[in-house]
Amino acid sequence: MGRPKGSKNKPKVQDGTPISNKTVNTAASTSTSKSKVAPKITKTVNTKSTITRNQTKKLDKVDKLLLNKSATVPTIDTPKGKKTVAEMSTTLTKHERVLEMAKTTKAMIDALQLTDLSKTESRTFQTYSRETLRTYMKSPKSYESQLRNLSRYLYRLCYEYRRICLHYATMICGDAFNIIPLDDPTQEMTPEERTNTWYETMIRWQRMDFASELVKLLLVAWREDSVYAYVYDDSDQEGGTCFYQILDGDYCRVSSVEAGVFRFAFDFSYFRSHEAYLEYWDSEFKSKYEAYQKDSTLRWQELEPERQVCFKVNSDDPTMDYSPLASLFQTIINNIDLLEIQAVKDELSAYKLLVARLKPLSGTSDPDDFEIDPDTALKYYNKLAANVPPCVNVVLSPMEIDTIEFKDLNNTDDTDMVSNSISNIFKHIGGVILDSDKSGTTIYEAQIIADMKYGQSTLLPQVQRYLNLYFNYVVGTGHGYFKYIDGVCPYTRKAKRKELIESAQNGLPRMSVGVLDGNTLLEQMSMLKLERDLGLVDLMSNPLSTSYTQSGDTSTTDTDPINGGAPSKDSDDLTDSGSKSKERGNE
């Protein structure tokens, strides 16, 4: 695997702007050469040069980030030349769409062969398909690809399954972390060293836009158990970014572990049927594929450690990919079958049959002697049949036919049956957010915490270890340490923020409060400086107020001035009985 690269040869973020200074010096020298011919112009040009030089000195690191004037230099080496990460992202996204369409089509065929979701009337095929599914789940290692394809298909076919995957994939807030320059107890860091370490790490993460990329990665992980991706990163430049190209899990497998981070090998036989992609992907794939063509033992090769990422939900079993939600497959298939049956019943409920009867003449002995001439009746029949809606059929008959009705096929019990089937899917995984039938704040909060722990327990440590190891490679071992805030998910951010405010009131760091407000550490610093420079408020020097320093004046609090009592709670903090009490008090 190799030792992580050090930071000695890595470009550091400088306080000054050498490019601007070089431009100013050039302008100054040019104006000096011109001064021999036109002295009056020299004075004007020198003034502009002085202004430019003064503005350059005022530029700090935050100003440079906001200006973002320098163009991104292409650094990704491809067979068609060097490209930027933004260009790679655009190109690969187009190819991913084509590849995804092909995979989805194959998955649909495989899944229909397994479950035959479109023909609910064929019970024999349904029984066979379910047995096949059980066979796959009894031997998941042998049928990894089939189960992965089925999960992909259900993810696109079933809204409930997609919602479950998204629910757990977003349980990790990718922006809820602190960057901590770790001090060596035996050697004190200077304030400048600590600030530079923090800034270099923060600005790199800010450009990567890792939080949004993380959701894409975790969605695949929850759908397929593991996500394998290749990293394109030029965030060391202003205007740069980071893009994660998700690879086909059928051609990847975990091969090693480095500092608690999974490493994987790629099956280069993939390019036997996808050789065209070699012209667009990174040159590493082409060089290693050529090596595989010369030596068949190099079919499985590990990619460069700093260019790959792998997250796995079932981290206790790194040798097998098995969807963490596979136990829902049969329940979801049963629900889809039930919906198909219900659709047939709905169609029958709307069906009508119109019978036009030819009555025979009374008292005649000829059985074909009708009150209306059959030719005339047939003309009217054809006109009637041509003008009825699709759910209505017409028949012409000389004999009496009993009433044909399809009433009461769709009733409340059928609707409740479908609704209960969908609800049972969510109850099966215990998702109170997805299907809440609980009344009471205590059980609701407990279930949210249970969902959060399930969604974070194996993945959050992997994400944290990956970021720290990745920055060892791209920045150096002296980067700031990434530490995710414990107990934070989209449904607990507000409560966790209150805890952190109380901690800050007692002297602990306050930066985490702003993080849970949705602002990165760098954005917090920029906004505080802006408010200070605009003269709005000096938040950087004013401490947080506490109940110990506030006056006893209740005129500004939400407390009854006559009866006293505790301040009113927010509506989100009230229980069901509390909400009813508040409504009665407002009447």
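What counts and what doesn't
Residues numbered from 1 in each chain as written. Predicted model: local features only at pLDDT ≥ 70, side-chain atom pairs only at ≥ 80, totals over all residues. Heavy atoms only, no water. Helix = DSSP H or I, 4+ residues; strand = E, 2+ residues; numbered from the N terminus. Buried < 20%, exposed > 50% of the residue type's maximum accessible area, 1.4 Å probe, protein only. Contact = heavy atoms within 4.5 Å. Areas by Shrake-Rupley, 256 points an atom, 1.4 Å probe, with all protein chains shown as cover. Core = buried A, V, L, I, M, F, W, Y, C linked by side-chain atoms within 4.5 Å. Polar contact = N/O pair within 3.5 Å; in protein donor to acceptor, adjacent residues only side chain to side chain. Disulfide = S-S within 2.5 Å. Pairing = 2+ DSSP bridges. Patch = residues over 30% accessible without salt bridge, like charges linked within 9 Å, V, L, I, M, F, W, Y side chains within 5 Å. Salt bridge = Lys/Arg side-chain N within 4 Å of Asp/Glu carboxyl O. Axes fitted to C-alpha atoms, helices over the stretch in contact; angles between N-to-C directions. pLDDT = per-residue confidence, 0-100. Parallel < 35°, antiparallel > 145°, perpendicular 65-115°, else oblique. Nonpolar A, V, L, I, M, F, W, Y, C, P; charged D, E, K, R; others polar.

1. Quick look at the overall build of the protein chain
Inference 1: Secondary structure assignment for the protein chain yields 19 helices and 12 strands.
Inference 2: The burial tally for the protein chain puts 38% of its 587 residues in the buried class.
Inference 3: For the protein chain, contacts bridging at least 24 residues in sequence account for 69% of all contacts bridging at least 6.
Inference 4: Total accessible area on the protein chain is roughly 33700 Å²; 53% of this is exposed by carbon and sulfur atoms.

2. Digging into the nonpolar core
When a protein is soluble and globular, its nonpolar side chains tend to lie buried together.
Inference 1: Y161, F210, Y244, F311, Y466 and F471 are the most contacted members of the largest nonpolar core, which has 72 residues in total.
Inference 2: Among the elements that line this core, the one with the most residues is helix α15 (residues 459–474), at 10 residues.
Inference 3: Setting aside residues no more than four positions away along its own chain, Y161 makes contact with S151, L154, Y155, R223, S323, L325, F329 and I332.
Inference 4: C252, F262, F264 and C310 belong to the second largest nonpolar core, which has 24 residues in total.

3. Notes on the side chain of Q462
Inference 1: Structurally, Q462 is set in helix α15.
Inference 2: Judged by its relative accessible area of 3%, Q462 falls in the buried class.
Inference 3: Polar side-chain contacts of Q462 include one of 2.8 Å to the backbone oxygen of T458.
Inference 4: What Q462 contacts, discounting residues up to four positions off in sequence, is F262, C310, F311, K312 and S315.

4. Section: the state of the cysteines
Inference 1: A complete count under the given rule lists 0 disulfides for this structure.
Inference 2: C165 supplies the cysteine sulfur nearest to C158, a cysteine that is in no disulfide, at a spacing of 9.6 Å.
Inference 3: No disulfide involves C489; its sulfur sits 6.4 Å from that of C173, the nearest cysteine.
Inference 4: Its relative accessible area of 0% is what places C489 among the buried residues.

5. Considerations on the pairing of strand β4 (residues 226–233)
Inference 1: Judged by how many residues are buried, β4 sits mostly within the fold: 8 of 8 residues are covered.
Inference 2: On β4, burial covers both faces: S226, Y228, Y230 and Y232 on one face and V227, A229, V231 and D233 on the other are all buried.
Inference 3: Here β4 runs beside strand β9 (residues 308–312); their pairing, made up of 5 bridges, is antiparallel. Each residue of the ladder has a partner; that of A229, found in β9, is V309.

6. Looking at unusual backbone geometry
Inference 1: One non-glycine residue with positive phi stands out, namely D209, at about 55°.
Inference 2: On the basis of relative accessibility, which here comes to 42%, the residue D209 falls in the partly exposed class.
Inference 3: The backbone of D225 sits at a positive phi, close to 85°, despite the residue not being glycine.
Inference 4: As for its placement among the helices and strands, D225 is situated in the loop between α9 (210–224) and β4.

7. Here's the deal with a nonpolar patch on the surface
Inference 1: A cluster of nonpolar side chains, contributed by I180, L182 and Y481, occupies part of the molecular surface with about 260 Å² of accessible area.
Inference 2: Tracing the backbone through its elements, the reader meets Y481 in strand β12 (residues 481–484).

8. Observations concerning the sheet that holds β9
Inference 1: Here we have 3 strands laid out as an open sheet, ordered β5-β4-β9, and antiparallel in their pairing. Strand pairing shows two members of the sheet lacking a second neighbour, β5 (242–246) and β9, which therefore form its edges. Taken pair by pair, the neighbouring strands of this sheet meet at an average axis angle of 30°, ignoring direction.
Inference 2: Across 5 bridges, the pairing between β4 and β5 is antiparallel. Within β5, the residue paired with V231 across the bridge is Y244.

9. A word on the environment of D184
Inference 1: For D184, the location among the structural elements is in the loop between β3 (177–180) and α8 (191–208).
Inference 2: A polar contact is formed between the side chain of D184 and the side chain of T186, at a distance of 2.9 Å.

10. Remarks on the confidence of the model for the protein chain
Inference 1: Averaged over all residues, the pLDDT of the protein chain equals 74, while 62% of them reach at least 70.
Inference 2: Model confidence for the protein chain, summarised as mean pLDDT per element, is weakest for helix α1 (residues 18–35) at 40 and strongest for β9 at 97.
Inference 3: Here residues 107–128 is modelled with pLDDT under 50, and outside its nearest four sequence neighbours on either side it reaches 38 contacts, counting other chains as well.

11. Quick look at the sheet that holds strand β8 (residues 300–302)
Inference 1: With respect to topology, 3 strands assemble into an open sheet ordered β6-β7-β8, the strand pairing being antiparallel. In this open sheet, the two edge strands, each paired with only one partner strand, are β6 (252–258) and β8. Across the sheet, the axes of successive neighbouring strands diverge by a mean angle of 35°, strand direction being ignored.
Inference 2: Two strands pair when backbone bridges link them, and β6 and strand β7 (residues 261–267) are joined in this way by 6 bridges, in the antiparallel orientation. Looking at the pairing, R253 lines up with A265 of β7.
Inference 3: Its contacts with the sheet place α15 against β6 and β7, and it is angled at close to 75° to β7.

12. Topic: the packing of α8 against helix α18 (residues 521–534)
Inference 1: It is at 9 Å that the axes of α8 and α18 come closest, and there the two elements cross at 105°. Accordingly, the angle class assigned to the pair α8 and α18 is roughly perpendicular. Together, W198, Y199, M202, I203 and Q206 of α8 and L521, L522, E523 and M525 of α18 make up the contact between the two elements.
Inference 2: Here the residues of the contact of α8 with α18 sort into 7 nonpolar, 1 polar and 1 charged.

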